[in-house]
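Observations on chain architecture
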Amino acid sequence: MCGNVGVWGYRSYRQHLEDRFPGRRIRKLCLQAGFTCPNLDGTVARGGCAYCDNAAFAPGLEGPPDLAGQWDRGRAFLRRRHRRVDGFIAYFQAFTNTHAPLNRLRRLYDGVADRLPQCVGLSLGTRPDALPPATVEFLTDLARQTFLTVEIGLQSDRDDLLKAMNRGHDVASFHDAMRRTDGRGFERCVHVILGLPGEGPDAPERLGDLLAGLAVESVKIHNLHAVRGTGWGRAFAAGHLAVPDRKAHVDAVHRLMARLRPDQAVQRLVADAPDRLLLSDSWCQDKRGVLESVWRLASGVPKGPCR
Ligand code: SF4
């Protein structure tokens, strides 16, 4: 394997960042800024997505978030975990990180990459319905300051499935957000879930084709799993929800990735949860094993590559 596709048979986000930051090893560092979510605070709905662990939901942190402290602790952790780190992307992952008045977004994000040591950029997780025009303008300005990725949750290409999971937005809302954020100078990553009940046997191909047709630089693929404290966790515990096993997920990931463009990177191909929260099987915690299984399927050889 060579070029864009790389040793694992797809373009990894690590490769993508190596291209963006030549000669430097960049890692994402999660920060919690105390946002809420329109699907939890009543703006769109209450209760959240059926798979969302919102037990930990709090309507904002008490006082301003200690970003500097989180940053220092995160850097120390990532340095212990990885042999080499030359810079960090501040990753605002939890909840909806554009769901706030513009002045709050400005206070938080303006110049933050300069204030945090070794910060080379930002990544903001959000929803299609939390990107109003003024926010998109602000993000456009922000992208002039620093490397910026906006991660947008789509999850499914079908309105009936979005409704079943209580996403609080439809597919049209996602495409509207994609149109309005196109050509704004920041990268976009789209999140999808494989293994949704009733998604249809061709879901990997449908989603892969949809993603390949979008001007997005990267994607994240989640497996459906059952998490304690969620609507679908309760359905799973009651025997009303089946989740895919490892083999089914590996097969689906392989089929989806086969449809992506070679320039599109995969940031994630399996999502896990800690033991204390995970109700379904723990195979998803073996991310390296899942990666190797996808590679074996793609390459047809019995053993994974060594790195
Ligand atoms: S949009 Fe995200 S944070 Fe909000 S309820 Fe859904 S999964 Fe949870």
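See the structure printed just above.
One structure accompanies this document, and this report is about it. Here the structure is a predicted model, which is why all the values come from computation and not from measurement.

Conventions and cut-offs
Residues numbered from 1 in each chain as written. Predicted model: local features only at pLDDT ≥ 70, side-chain atom pairs only at ≥ 80, totals over all residues. Helix = DSSP H or I, 4+ residues; strand = E, 2+ residues; numbered from the N terminus. Rg over C-alpha atoms; globule rule 2.2 N^0.38 Å. Buried ≥ 20, exposed ≤ 12 C-beta atoms within 10 Å, placed from the backbone. Contact = placed C-beta atoms within 7 Å. Near = placed C-beta within 6 Å. Nonpolar A, V, L, I, M, F, W, Y, C, P; charged D, E, K, R; others polar. Pairing = 2+ DSSP bridges. Core = buried A, V, L, I, M, F, W, Y, C linked by C-beta atoms within 7 Å. Axes fitted to C-alpha atoms, helices over the stretch in contact; angles between N-to-C directions. Left-handed = near helix turned anticlockwise from the far one by under 90°.

1. Some points on the overall build of the protein chain
Secondary structure summary: the protein chain contains eleven helices and eight strands in total. Scaling as 2.2 N^0.38, a compact globule of 307 residues should have a C-alpha radius of gyration of about 19 Å, and the protein chain matches this with 19 Å. When the backbone C-alpha atoms are referred to their principal axes, the protein chain occupies close to 50 × 45 × 40 Å. For the protein chain, buried positions account for 38% of its 307 residues. For the protein chain, contacts bridging at least 24 residues in sequence account for 81% of all contacts bridging at least 6.

2. A closer look at the site of the ligand
Inspection of the region around the ligand gives eleven residues, with Cys 37, Asn 39, Gly 48, Cys 49 and Cys 52 positioned closest. Classifying every residue of the shell around the ligand gives five nonpolar, five polar and one charged.

3. A few points about the sheet that holds strand S5 (residues 147-155)
An order of S1-S8-S7-S6-S5-S4-S3-S2 is seen for the eight strands of this open sheet, with the pairing classed as parallel. On the outer flanks of this sheet lie strand S1 (11-12) and strand S2 (26-31), each paired with one strand and no other. Sheet topology note: the S1/strand S8 (residues 265-268) ladder contains two bridges and is parallel. From the neighbouring strand, Ser 12 faces S8, where its bridge partner is Val 266.

4. A few points about the nonpolar core
Counting 63 residues, the largest nonpolar core has Ala 90, Val 219 and Val 253 as its most contacted members. Those residues within four positions of Val 253 in sequence are excluded, and the remaining contacts are Leu 194, Ile 221, Leu 269 and Val 294. Among the nonpolar cores identified, the runner-up in size contains nine residues, and Tyr 51, Ala 226, Val 227 and Trp 232 belong to it.

5. Overview of the packing of helix H8 (residues 203-212) against helix H10 (residues 246-257)
Between two packed helices, the angle of one axis relative to the other and the distance separating the axes together describe the packing. Interaxial distance between H8 and H10 falls to 7 Å at its minimum, and their mutual angle equals 35°. The two elements H8 and H10 cross, and the hand of that crossing is right-handed. Of the residues in H10, those touching H8 at Pro 204, Glu 205, Leu 207 and Gly 208 are Ala 252, Arg 255, Leu 256 and Met 257. Across the contact of H8 with H10, the residue classes tally to five nonpolar, one polar and two charged.

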